[in-house]
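If you want the building blocks of each chain, they are given just below.
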Amino acid sequence: MVVGESGLGKSTLVNSLFLTDLYPERIIPDAIEKQKQTVKLEASTVEIEERGVKLRLTVVDTPGFGDAIDNSDSFSAILEYIDEQYERFLRDESGLNRRNIVDNRIHCCFYFISPFGHGLKPLDVEFMKKLHSKVNIVPVIAKADCLTKKEILRLKCRIMQEIEDHGIKIYPLPDCDSDEDEDYKEQVKQLKAAVPFAVCGANTLLEVKGKKVRGRLYPWGVVEVENPEHCDFIKLRTMLITHMQDLQEVTQEVHYENYRSDRLAKGIKSKENGLKPERDSVVPAQIVANSVLTEKDRILQEKEAELRRMQEMLAQMQAQMQAQQ
């Protein structure tokens, strides 16, 4: 998922990352249309091939996010979409055909931060706080070619400090095992140091010193997208491809399990109170049956078992008395 205000180059970056045009028929709304526009979610699926491995990638864009004067409702559509995917996976997992489950959960969220400010905006802080327990957030400084190297370093330090101060949990790159080779360790070290990734995207091929490169042509020269000296584009792509498995595992073991336990707790709570579960908190019977019983349920079961034993003993005593008579 890519999230950020309009004009930060989200679509361009996604097209640059996967060398494809995910939005061939996009119409950009004018200022009047933007006044009425709400946050929409557009999912595009594409087959990509990286080093002989074919991947089915779904990119979810969020046009309209942060464009309104009052952005207090910008989050709800995005949070609902993420929860919907977890809900669908939960239902499929508890169904009969569990072998062919299509996983449409959001495994990674690129959050685009404007390069024109002095750090995070209140909207950025509020959004990341709402989302960090549901999805892996990877912060990205957009349009980094409009900043000098010193400005980028200063902005990165400021953003990381603000993320720490506000208690925001971003996706932590996993540590290397001791038996990994030195090149891989160095690569992971560089990726960790590069967060938040300062990137710029371009889909135009330009000729520089007799070589074809993708970049942006300015009066003073060319910004090469795939040149590590110019921006962190290569590092972002490397992080996404080499840690894709880990992103999926963190989603499964942390975010999805948190969602699942919340849903089970809601289902059991409403059952205890003698209420019907809410429509959006329906928990499959099979999952509830297999879930760990609460302390209250356990005590009730023990008392019922004790009562049954006493009834059996009473019946035996009555039978003995009748036999003696």
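The structure presented is a predicted model; accordingly, all values stated were derived computationally and were not measured.

(A) Layout of the overall build of the protein. Each helix and strand in the protein was counted, giving 10 helices and 9 strands. A separation threshold of at least 6 residues defines the contact pool for the protein, and within that pool the share at least 24 residues apart is 67%.

(B) Representation of the packing of aromatic side chains within the structure. Scanning all chains against the criterion turns up 5 aromatic pairs. With 6.0 Å between their ring centres and 45° between their planes, Y86 and Y256 make a pair best called tilted. Taken together, the residues span a long stretch of sequence, with Y86 in helix α3 (residues 74-93) and Y256 in helix α8 (residues 244-272) at a distance of 170 residues. In this structure Y86 comes out as buried when scored by relative accessible area, which is 1%.

(C) The sheet that holds strand β8 (residues 211-218), seen in detail. Taking strand neighbours across the sheet as the criterion, the 3 strands line up as β7-β8-β9 in an open arrangement whose pairing is antiparallel. The open sheet has two edge strands with one neighbour each: β7 (205-208) and β9 (221-224). Averaged over all neighbouring strand pairs, the angle between strand axes comes to 70°, with direction disregarded.

(D) Looking closely at a negative patch on the surface. Residues D177, D179, E180, D181, D183 and E186 make up a contiguous surface patch of negative charge. Mapped onto the elements, E180 comes out in the loop between α5 (149-165) and α6 (182-194).

(E) A look at the pattern of salt bridges. Inspection of the entire model under this criterion finds 14 salt bridges. Of the charged contacts in the structure, one is a salt bridge between E5 and K121, with a shortest N-O distance of 3.1 Å. Pair noted here: E5 is in the loop between β1 (2-3) and α1 (10-18) and K121 is in the loop between β4 (109-113) and α4 (122-131), with a separation of 116 residues, a long-range link. The exposure class of K121 is partly exposed, given its relative accessible area of 34%.

(F) Representation of the UniProt feature "site: Important for dimerization" (unreviewed entry) in the protein within the structure. Here the UniProt-annotated "site: Important for dimerization" (unreviewed entry) positions come out as F116. In this fold, F116 is placed in the loop between β4 and α4.

(G) Spatial organisation of the packing of α3 against α4. Put simply, α3 and α4 touch, their axes get as near as 11 Å, and they point 20° apart. By the angle between their axes, α3 is roughly parallel relative to α4. The two elements α3 and α4 cross, and the hand of that crossing is right-handed. Contacts between α3 and α4 involve F75, I78, L79 and I82 from the first element and L123, E126, F127, K130 and L131 from the second. Of the residues in the contact of α3 with α4, the class split is 7 nonpolar, no polar and 2 charged.

About the thresholds
- Residues numbered from 1 in each chain as written.
- Predicted model: local features only at pLDDT ≥ 70, side-chain atom pairs only at ≥ 80, totals over all residues.
- Heavy atoms only, no water.
- Helix = DSSP H or I, 4+ residues; strand = E, 2+ residues; numbered from the N terminus.
- Contact = heavy atoms within 4.5 Å.
- Phe/Tyr/Trp six-rings, centres within 6.5 Å; stacked < 30°, edge-to-face > 60°.
- Buried < 20%, exposed > 50% of the residue type's maximum accessible area, 1.4 Å probe, protein only.
- Pairing = 2+ DSSP bridges.
- Axes fitted to C-alpha atoms, helices over the stretch in contact; angles between N-to-C directions.
- Patch = residues over 30% accessible without salt bridge, like charges linked within 9 Å, V, L, I, M, F, W, Y side chains within 5 Å.
- Areas by Shrake-Rupley, 256 points an atom, 1.4 Å probe, with all protein chains shown as cover.
- Salt bridge = Lys/Arg side-chain N within 4 Å of Asp/Glu carboxyl O.
- Lys, Arg positive; Asp, Glu negative; His and termini not counted.
- Charge placed at Lys NZ, Arg CZ, Asp CG, Glu CD.
- UniProt positions renumbered as here; feature names shortened; annotations may be inferred.
- Parallel < 35°, antiparallel > 145°, perpendicular 65-115°, else oblique.
- Left-handed = near helix turned anticlockwise from the far one by under 90°.
- Nonpolar A, V, L, I, M, F, W, Y, C, P; charged D, E, K, R; others polar.

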